[in-house]
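# Residue-level structure breakdown
Listed here are the chains, written in short residue letters.
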Amino acid sequence: MSIDDDFIDRVLADDVSEEEAAEFQQWLKIPANLQRFALRGELHSQLRRSLQRRHIQSSALGTKEDVSAPPEPRSTVVRSRKMLLLSVAGLVTAACILIALVGLRHEGNGAPNHGDTVAATIVSNVSGLLIRGDRQWDGTYLSAGEYELQKGLLHLQFGGGVMVYVEAPARFDAVGDSRVVLHNGRLSARVPPEGIGFTVETPEAEVVDFGTEFSVDVEGGASEVHVFDGLVRVNPGASSQRDESRSVDVQASHAVRITDGAANPENISIATDRFIRNFEEPRLNYARAIKQLSPLAYYRMPIRDRGLVAQPPEYSGVVLTGQGKRPPHACGVFVGGSLRVGVDSIGRGGRVDTPPALSTGQFSLTVFVYLEDQAQHGVVATNFDGERGNFDLSLDETGLLQASIRNSNGDVFVVAGNATLPLAAWRHVVVTADGENLQLYEDGKFVASKPCKALATTDAETVWFGTDASAGRVWNGRIDEVALFDRALTEEEVAALYRTAQEEIARTL
């Protein structure tokens, strides 16, 4: 049994069987696993505390909202006595380990020296290269000081349970457990009520939080602040030139740009797709709907340093990387991650060497695509390799999506969309082949069809995402939520999937 974050979430929600609980007890005996469980449990506790956020924000805004205590969310309560004891025992043991680690600060590279101020804890490091001074920083904690994240992603926890996500390349000062100076790069912060007052300073402004979720982007002499939930106060100007009369309060779904030398912040459109705001893939209705359709393999494209993760795990692959600035991950269609290929990232696609066999003559592929720049012949997903393979979804020379399949006679059938794929917008795409017709759907609607014979069978042809066998047809954008089926989804199933996705998107903006 694979114990991942989704499984731990089920443990915390008392949604596991007796057999799974017994195996989980054995898993907890490993110290690293205990520490991981403790951190995950702490994240769940933040959900309860964040329900108080709106009351504090209302006070900051001077409103008269009802301040009666919010109810405990059912999903975070461990109901069963057995699981309660198990969870408490695990967390207590993990806490002991964490305390022991703190007691050993003076040992090992990257641990704070005696007397140093601990500004933050590194919750996770995804292929990150963090530099302090002239050496790599590999510790569990960040001492107060200046750091450069040259590649990868960092998830940090500051005081009061503040969660900060930093994307390379970035240079920042961890001033203390409630203040960061971001010289350049991108970060996102999720601030519970206990962390109110958390401050991000940039060369052009100071951003003070009132319990919220926000992102900051510093580049080219300008700072942008995007607020996804709650309220922040933006104080424009360098640290020695700030004038409180120019301060502005930025509420949810709004964003501002502060340019060096400008008199006032400029209102801009909020960028919901630019920032990585969470490393986890939440349990969503869309994912549940996909699983109910029984896919052969499902690639949610989570942010992981281990590569291209699949459900079931035996069909996992690797993320291909090359030259570029940003990680091979980006914000997904929902909260979480997606595979980023081309543009300014190091991502060059993904490869699965042990995919599921396609042996029924029928086939479906569901995927979300996001094109950031033109990509003639750019591949979404394929197992074509010369005369081998039996499916391909890519762009043609005019920018139209086209689906291709190969039958048992070696004949290739192609069907194309009727409109150019737009830039900087997610599109839900489904390809089906039922042995009689090859069909293409975009955003839940039937687009085109072509008669074709049954799909050729394959045992385990390598599958590529965002590229092909020759690495010559590279996508320029993002790919997310890929599912492969050995049957043809119906038009009703395709439409229902898209409706579920739209509902999910509306909740996660």
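Further up the page is the structure itself.
Before going into details, it helps to say that this report is about the structure given with it. (Residues numbered from 1 in each chain as written. Predicted model: local features only at pLDDT ≥ 70, side-chain atom pairs only at ≥ 80, totals over all residues. Heavy atoms only, no water.)

### Looking at the pattern of salt bridges
Within the structure shown, the criterion is met by 26 salt bridges. For aspartate 443, the salt bridge is made with arginine 427, and the minimal N-O distance between the two is 3.5 Å. One end of the pair, aspartate 443, is in the loop between strand S26 (437-442) and strand S27 (445-451); the other, arginine 427, is in strand S25 (residues 426-433), and 16 residues separate them in sequence. We note a salt bridge from arginine 473 to aspartate 468, for which the minimum N-O separation is 3.1 Å. Accessibility expressed as a relative area gives 22% for arginine 473, which makes it partly exposed. Here aspartate 468 falls in the buried class, since its relative accessible area comes to 9%. Within this structure, Glu167, Arg186, Asp217, Glu224, Arg257, Glu266, Arg274, Arg326, Arg340 and Asp344 form a network of salt bridges that share partners. (Salt bridge = Lys/Arg side-chain N within 4 Å of Asp/Glu carboxyl O. Helix = DSSP H or I, 4+ residues; strand = E, 2+ residues; numbered from the N terminus. Buried < 20%, exposed > 50% of the residue type's maximum accessible area, 1.4 Å probe, protein only.)

### Things to note about the pairing of strand S6 (residues 179-190)
Along a regular strand, successive side chains alternate from one face of the sheet to the other. One ladder, built from ten bridges, connects strand S5 (residues 163-176) with S6; its direction is antiparallel. Residue pairing across strands places tyrosine 165 opposite serine 188, the latter belonging to S6. Relative to strand S9 (residues 213-219), S6 runs antiparallel, the two sharing six bridges. Note on S9: the bridge partner recorded for arginine 190 is glutamate 213. (Pairing = 2+ DSSP bridges.)

### As for the packing of aromatic side chains
One pass over the structure, following the stated rule, counts 13 aromatic pairs. For the ring pair tyrosine 441 and phenylalanine 446, a centre distance of 5.9 Å and an interplane angle of 75° mean the geometry is edge-to-face. Taken together through their ring pairs, the aromatic side chains of Tyr286, Phe334, Phe368, Tyr370 and Trp426 make up a single cluster. Positioned above the aromatic ring of phenylalanine 228 is the side chain of arginine 277, whose terminal nitrogen or guanidinium carbon lies 3.8 Å from the ring centre. (Phe/Tyr/Trp six-rings, centres within 6.5 Å; stacked < 30°, edge-to-face > 60°. Lys NZ or Arg CZ within 6 Å of the ring centre and 35° of its normal.)

### Brief notes about helix H1 (residues 5-12)
Note that an α-helix has 3.6 residues per turn; residues three or four places apart therefore point the same way. Of all eight residues making up H1, six are buried, and the element is well covered by its neighbours. The set of residues buried in H1 consists of Asp5, Phe7, Ile8, Asp9, Val11 and Leu12.

### Looking at the nonpolar core
Across soluble globular proteins, nonpolar side chains have a tendency to be buried as a group. Tyr299, Leu393, Phe465 and Trp475 are the most contacted members of the largest nonpolar core, which has 42 residues in total. It is strand S20 (residues 363-371) that contributes the most residues to this core, five residues altogether. Residues contacting phenylalanine 465, with those up to four places away along its chain left out, are Tyr299, Met301, Leu308, Leu339, Gly349, Gly350, Val352, Val380, Ala381, Ile479 and Val482. In this structure, Ala119, Leu187, Val232 and Val256 belong to the second largest nonpolar core, which totals 37 residues. (Core = buried A, V, L, I, M, F, W, Y, C linked by side-chain atoms within 4.5 Å. Contact = heavy atoms within 4.5 Å.)

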